[in-house]
Amino acid sequence: MGKTKHTGPIKLPGKPDPKLWVSKVPFGLGKVKPKHIRDTIKVMADNRDNLPYAMRILTQGVCDGCALGVSGLYDQTLAGPHVCTTRLNLLRLNTMPAIKPNVLHADIDELRKMDSTELRKLGRLPYPLIRRKGERKFSRLSWDAALDMIAERIRQIDPKQLAFYLTARGITNESYYAAAKVARFLGTNNIDNASRICHSPSKTALKRSVGIGASSCNYKDWIGTDVLVFWGSVAANNQPVSTKYMYAAKRKGTKIIVINPYREPAMDGYWVPSIAESALFGTKLADDFYQVNIGGDIAFMHGVMKHWFAMEMEKPGSAIDRKFVNEHVNGYEELRQHVKSQDWAQLERSSGISRQRMEEFAELLAASKSGVFVWSMGLTQHRFGTDNISQVANLALLRGFLGREYCGLMPIRGHSGVQGSGEMGADPFSLPGGEFKGDDIPRVEHVWGFKLPTWQGDIVGVTLENALLPEDHERKLKLFYTSGGNFLETMPEPDFVRDCLESIQIRVHQDIVLNTSTLADAEEAVIVLPAMTRYEQPGGGTSTSTERMVYFSPEIAGPRIEEARTEWQIYCDLAARVDPERAALVQFKDAHALRAEIAKASPNYDGVQHLKNKGDVFQWGGAWLCEDGVCPTKDGRGRLIPVELPELRKPEGHFYITSRRGKQFNSMIYSNKDPFNAADRYDVLLSKSDAAKHGITEGEAVVLYNSSGSFHGRAKFADIASGNLELYWPECNALLPKKVYEPYAGIPEYNTAVVMERAETYHALKDTRYVEKRIAELDQEIADEE
């Protein structure tokens, strides 16, 4: 851990810089861009019935959107107020009234006519509900009846047949911790969280490369670093306040590089609404784009290192920070030999980037005295996601971009609370303050006062699949308890996921709103429990940002959903009903008592017990992890890891697809139009050259298909690398293969090969033999390449 403390927010420069302007036309009139003023007015109108409460949430609470960590209207990076459209879009979840009874208790088929956006707008869940098998409507249930029913079933089943899942929907560290403790108290290690489908490879890779499981640096390190690289991350879209940090970085002379198949308009130029100059004329963010193939990042990074090692042969020290490597890094020679053996032609083919461009990027990094690497799902959501991140760590270690100002490795989080999920132990491989292995087990047992189950729990994807096991199998999933989450819209092959969900005996949905998964049947019953938001919880709650800032969000006075309960208290109440004789082990007097135990169970969180007022915050680990190059590994050194080129499984003539986000937060969609490119949710982004090869015109109906499913959409031309397609998520999930997980971190595969055809051709020849033959050819070509 680092010894240097974060020094707090800095001021933006006062004078404008016309060199960074996108356009001299005020407010970007005529351009495709977010309409911040219009959207803000719309949010105010949506919340007009609770506007004073909405304002208190914005000015007093910690943002429940992305993980930048805005407390009230302020953060630890830049002075001045911050608010973004992501946070504003989520605001209504906290202020809307309860669902009207006549709607809530309507026939289930009437509710199923609505998508999740429409269901969300119905309002908050008002009280516990149950719908037994064969029943057409939800019925009201008392809290005692609901929890007693769940507790009774837990007592009847093998703990291996019980599983918990927590999404990142404004969930606090306190709730993650209570769930992690309760799960183990009940004898199960089947507990997982939303990071499994976003950043689990980041933690796994960083642990093995440099011994840490979080960002090594701060957002402040963006501002003044020589080069800031965004790898598979569209921060301007997913974490809008970050554009303010990018603006500040540009004013300090930082070069911003984006590595992504699609030349993202939001990273090309952005109108930052809280900076007058940028709001008027926009800000050019990215200095350059490297449009790699989907899955081509490892090859691209091999090319960068191959050129570095060639530079070193000519002039030692010209590319590698030899002093840093000698003092702080293992595995140099093994990596060098591995990279030297790579063939340039293969690297160009796999990455989609020319050798000249790879060498150009290599020389830019070699000439930089500092650098910060930021990444997101473009790197993690692959079956080789962990290798992707270890390859990024290789670059940072070779250049010494670690453990000092303006340097670092940053997996940028998309949810305000998800960084804390594994750190609180809500993960099958984690415990508070450590891993589910070795000395961490007796350490946590001492704090908790009971023995932990010793068997390895399952990741959530496998847990869901276990619902289809034979009835007498010890891991047959019989009771699934999920806080938030919508697996029908977040996991590959939704039809398969529905079969899994409906094969579970009892499903418990602890949430604030309905979604499509809540409406799926169950073998015996679906139980719905109304939860409080983070702003309603007595005693407040904490969340951990991307940069490891632990923020306190106070309880905020306002209207309440009468029967909604604090999430961590629901877990503890349930556990006490399952095992009354040991109930004292899982009871907390209040939120402060819970935080006091977190401080004991997780050494990094020593300090959380002192957070109790608006604005209270501390950063665990100091400003920089691995400070001065010293890593929290057994020997204190980082590890260079030779990574093999992945097989992309894209036969000749086929396309590789990946998913992207529009105006949405996770799977919650707020508009059918992408504000950055005007694309529809069913548009297929493809290059003009690929369209010409296939005789496709813009706006034409197309069909994409493979052995997993099919997708009907319309062609939209975009500046995207040839051979690659981008589709909106979750609409494209039917094309993604089920049961394919990254071997180290367990993240599902979110990229795949597809056949694309004009819809007219597809439907004209759409007899079963034709489609099955094409799919069989695709599968055989993939098998041959493997």
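As a reminder, the structure under discussion sits directly above these lines.
What you see is a predicted model; the values in this text were computed from it and never measured. (Residues numbered from 1 in each chain as written. Predicted model: local features only at pLDDT ≥ 70, side-chain atom pairs only at ≥ 80, totals over all residues. Heavy atoms only, no water.)

### Looking at a nonpolar patch on the surface
Together, Val-25, Phe-27, Leu-29, Ile-37 and Ile-41 make up an exposed nonpolar region whose accessible area comes to about 510 Å². Position of Ile-37 relative to the elements: it lies in helix H1 (residues 36-46). In this structure Ile-37 comes out as exposed when scored by relative accessible area, which is 61%. (Patch = residues over 30% accessible without salt bridge, like charges linked within 9 Å, V, L, I, M, F, W, Y side chains within 5 Å. Areas by Shrake-Rupley, 256 points an atom, 1.4 Å probe, with all protein chains shown as cover. Salt bridge = Lys/Arg side-chain N within 4 Å of Asp/Glu carboxyl O. Helix = DSSP H or I, 4+ residues; strand = E, 2+ residues; numbered from the N terminus. Buried < 20%, exposed > 50% of the residue type's maximum accessible area, 1.4 Å probe, protein only.)

### Structural notes on the layout of surface pockets
The space that makes up the largest pocket amounts to roughly 1100 Å³. Around the largest pocket, the lining is made up of 43 residues, and of these Lys-203, Lys-207, Ser-430, Gly-434 and Glu-435 lie nearest the centre. Those elements that provide at least two residues to the lining of the largest pocket are helix H9 (200-210), helix H21 (419-423), strand S13 (430-431) and strand S14 (434-435). Per-element tally for the lining of the largest pocket: the top contributor is H9, with 6 residues. (1 Å grid on protein atoms, 1.4 Å probe; cavity = no way out; pocket = protein on both sides within 12 Å on 5 of 7 lines; lining within 4 Å. Points joined across faces, edges and corners; volume = space filled by probe spheres on them.)

### Some points on the environment of Arg-38
Of note, Arg-38 is situated in helix H1. Residue classification places Arg-38 among the exposed residues on the basis of a relative accessible area of 53%. Taking the C-alpha atoms as reference points, Arg-38 and Val-508, 470 residues apart in sequence, are found 39 Å from one another.

### A few points about the nonpolar core
Ranked by size, the top nonpolar core spans 158 residues in total, and within it Trp-231, Trp-308 and Leu-704 carry the most contacts. With 9 residues, helix H14 (residues 297-314) is the largest single contributor of residues to this core. When sequence neighbours within four positions are dropped, the list of residues in contact with Leu-704 reads Ile-657, Val-684, Gly-709, Ser-710, Phe-711, Leu-725, Leu-727, Leu-735, Val-754, Val-755 and Met-756. Membership of the second largest hydrophobic core comes to 35 residues, among which are Ala-235, Val-241, Val-272 and Met-410. (Core = buried A, V, L, I, M, F, W, Y, C linked by side-chain atoms within 4.5 Å. Contact = heavy atoms within 4.5 Å.)

### Observations concerning the pairing of strand S19 (residues 549-553)
Counting buried positions along S19 yields 5 of 5 residues, so the element is predominantly enclosed. Burial along S19 is two-sided: Met-549, Tyr-551 and Ser-553 facing one way and Val-550 and Phe-552 facing the other are all buried. Here strand S18 (residues 541-544) pairs with S19 via 4 bridges, running antiparallel. Considered in S19, the bridge of Gly-541 is made with Ser-553. Here S19 pairs with strand S20 (residues 617-619) via 3 bridges, running antiparallel. Bridge assignment links Val-550 to a residue of S20, and that residue is Phe-618. (Pairing = 2+ DSSP bridges.)

### Details of the packing of H9 against helix H20 (residues 385-399)
Contact pair H9 / H20: the axes reach a minimum separation of 8 Å and the direction vectors enclose 45°. Overall, the two elements H9 and H20 adopt an arrangement that is oblique. Our pair here, H9 against H20, has a crossing hand that is right-handed. Residue-level contacts link Pro-201, Ser-202, Thr-204, Ala-205, Leu-206, Arg-208, Ser-209 and Val-210 of H9 to Gly-385, Thr-386, Asp-387, Ile-389, Ser-390, Ala-393 and Leu-397 of H20. For the contact of H9 with H20, the class distribution of residues is 7 nonpolar, 6 polar and 2 charged. (Axes fitted to C-alpha atoms, helices over the stretch in contact; angles between N-to-C directions. Parallel < 35°, antiparallel > 145°, perpendicular 65-115°, else oblique. Left-handed = near helix turned anticlockwise from the far one by under 90°. Nonpolar A, V, L, I, M, F, W, Y, C, P; charged D, E, K, R; others polar.)

### Here's the deal with empty space enclosed by the protein
Applying the stated rule across the entire model yields 8 cavities of 30 Å³ or more. In this structure, the second largest cavity is lined by 27 residues; those nearest its centre are Gly-232, Asn-260, Met-377, Gly-378 and Ser-659. Counting only elements with at least two residues in the lining of the second largest cavity, the list comes to helix H10 (235-238), helix H19 (377-380) and strand S22 (655-660). Per element, the largest residue contribution to the lining of the second largest cavity is 3 residues, and it comes from S22. Among the residues forming the lining of the second largest cavity, the class breakdown is 8 nonpolar, 14 polar and 5 charged.

### Here's the deal with the sheet that holds S18
Strand order in this open sheet of 3 strands is S18-S19-S20, and the pairing throughout is antiparallel. The two strands at the open ends of the sheet, each matched to only one other strand, are S18 and S20. Going across the sheet, the axis of each strand differs from the next one's by a mean of 20°, ignoring polarity. Sitting on the sheet, helix H8 (residues 173-185) is in contact with S18 and S19, with an inclination near 90° to S18.

### A few points about the pattern of salt bridges
The full count for this structure, using the stated rule, is 54 salt bridges. Within the structure, one salt-bridge network assembled from shared partners comprises Asp-107, Asp-109, Arg-112, Arg-131, Arg-136 and Asp-521.

### Focus on unusual backbone geometry
Omega for the bond connecting Trp-729 with Pro-730 falls within 30 degrees of zero, at 15°, which places this linkage in the cis form. Among the secondary structure elements, Pro-730 is positioned in the loop between strand S28 (724-728) and strand S29 (752-758). Phi at Tyr-406 takes a positive value of approximately 70°, unusual for a residue other than glycine. Locating Tyr-406 in the fold gives a position in the loop between H20 and strand S12 (408-411). For Asp-628, which is not a glycine, the phi torsion comes out positive at approximately 60°. On the secondary structure map, Asp-628 appears in the loop between S20 and strand S21 (638-639).

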